[in-house]
Amino acid sequence: MAMASRLWVSKAASYLKISTFNRAFASVVKDLKYADSHEWAKIEGNSATIGITDHAQDHLGDVVYVELPEVGSAVTQGSGFGAVESVKATSDINSPVSGKVVQVNEELNSSPGLVNGSPYENGWIIKVEMSNADEVKSLMDSEQYSKFCEEEDNH
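By the naming in an unreviewed UniProt entry, the chain goes by Glycine cleavage system H protein and is assigned to Ambrosia artemisiifolia. What UniProt records for the chain under Function (unreviewed entry) is the sentence "The glycine cleavage system catalyzes the degradation of glycine. The H protein shuttles the methylamine group of glycine from the P protein to the T protein." Among the UniProt annotations of the chain, the heading Subcellular location (unreviewed entry) holds the following wording: "Mitochondrion".

Here you go:
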């Protein structure tokens, strides 16, 4: 009996540690580029997959709707292309790069919560064919973005 309760307490403690850790520090993915408006871009050649960061989804709360652009539409670095609606607020999504939308994540129409549960993988929003790859140089790397979030949260 004592062994079983010790096992349960240990499982509960490790679960609590994990959930507190995740909420205390938003995760940042090393190989992505970040905009100061809290979008990320995964650059592969001339293509960029774009979504909102863990930090952004954490501040928004439960996402209930994602407004997606049309495939073929143009996006401009720093300008809005869609919106994320949560139980707390609606927030514009800005593109970290300029180019043409070549794919949208249709899964988000029926499962907008993917933005919360998997912001860097299943919750991606659009894929863009970049028109100016040099724009990537103006984005932050993971270390810069982490510092940026810390400073923003302390104000």
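Moving on, there is more to tell.
A. Inspection of the overall build of the chain at higher detail. The helix and strand tally for the chain stands at 5 helices and 9 strands. Scanning the chain from its N terminus toward the C terminus, one meets helices and strands in the order α-β-β-β-α-β-β-β-β-β-α-α-β-α. Restricting to contacts in the chain with at least 6 residues of sequence separation, those with at least 24 account for 65%. For the chain, the exposed surface amounts to about 9200 Å²; the carbon and sulfur share of it is 52%.

B. Expanded view of the UniProt feature "modified residue: N6-lipoyllysine" (unreviewed entry) in the chain. UniProt tags Lys88 as "modified residue: N6-lipoyllysine" (unreviewed entry). For Lys88, the position within the fold is in the loop between strand E6 (80-86) and strand E7 (90-94). The contact partners of Lys88, leaving out residues within four places of it in the chain, are Asp58, His59, Leu60 and Gly61. Here His59 takes part through its backbone oxygen, which lies 3.5 Å from a polar atom of the side chain of Lys88.

C. The arrangement of the side chain of Asn105 in detail. One can find Asn105 in the loop between strand E8 (99-104) and helix H3 (107-110). On the basis of relative accessibility, which here comes to 4%, the residue Asn105 falls in the buried class. A distance of 2.9 Å separates a polar atom in the side chain of Asn105 from the backbone oxygen of Asn122. Apart from the residues lying within four places of it in its own chain, the contact partners of Asn105 are Leu68, Asn122, Gly123, Trp124 and Ile125.

D. Up close: helix H5 (residues 142-153). Under the 1.5 Å per step criterion, the end-to-end length of H5 is 16 Å for 12 residues, consistent within 8% with the ideal 16 Å. Those residues of H5 lying buried are Ser142, Tyr145 and Cys149. On an axial view of H5, the arc spanned by its buried residues comes to 60°, and they lie on one face. Facing away from the buried side of H5 by over 90 degrees, the exposed positions are Glu143, Glu150 and Glu151. Considering only its buried residues, H5 is in contact with strand E1 (33-34) and helix H2 (54-60). Where H5 begins, the side chain of Asp141 points an oxygen toward the backbone nitrogen of Glu143, at a separation of 3.1 Å.

E. Summary view of the layout of surface pockets. Here the second largest pocket is characterised by a volume of approximately 160 Å³. Along its surface, the second largest pocket is lined by Ser37, His38, Glu39, Ile52, His55, Ala56, His59, Leu60, Val84, Ser91 and Asp92. Sorting the residues of the lining of the second largest pocket by element identifies H2 and E7 as the ones contributing at least two each. With 4 residues, the top contributor of residues to the lining of the second largest pocket is H2.

Rules used in this analysis
Residues numbered from 1 in each chain as written. Predicted model: local features only at pLDDT ≥ 70, side-chain atom pairs only at ≥ 80, totals over all residues. Heavy atoms only, no water. UniProt positions renumbered as here; feature names shortened; annotations may be inferred. Helix = DSSP H or I, 4+ residues; strand = E, 2+ residues; numbered from the N terminus. Contact = heavy atoms within 4.5 Å. Areas by Shrake-Rupley, 256 points an atom, 1.4 Å probe, with all protein chains shown as cover. Polar contact = N/O pair within 3.5 Å; in protein donor to acceptor, adjacent residues only side chain to side chain. Buried < 20%, exposed > 50% of the residue type's maximum accessible area, 1.4 Å probe, protein only. Expected span 1.5 Å × (residues − 1). Arc of directions from axis to C-beta. 1 Å grid on protein atoms, 1.4 Å probe; cavity = no way out; pocket = protein on both sides within 12 Å on 5 of 7 lines; lining within 4 Å. Points joined across faces, edges and corners; volume = space filled by probe spheres on them.

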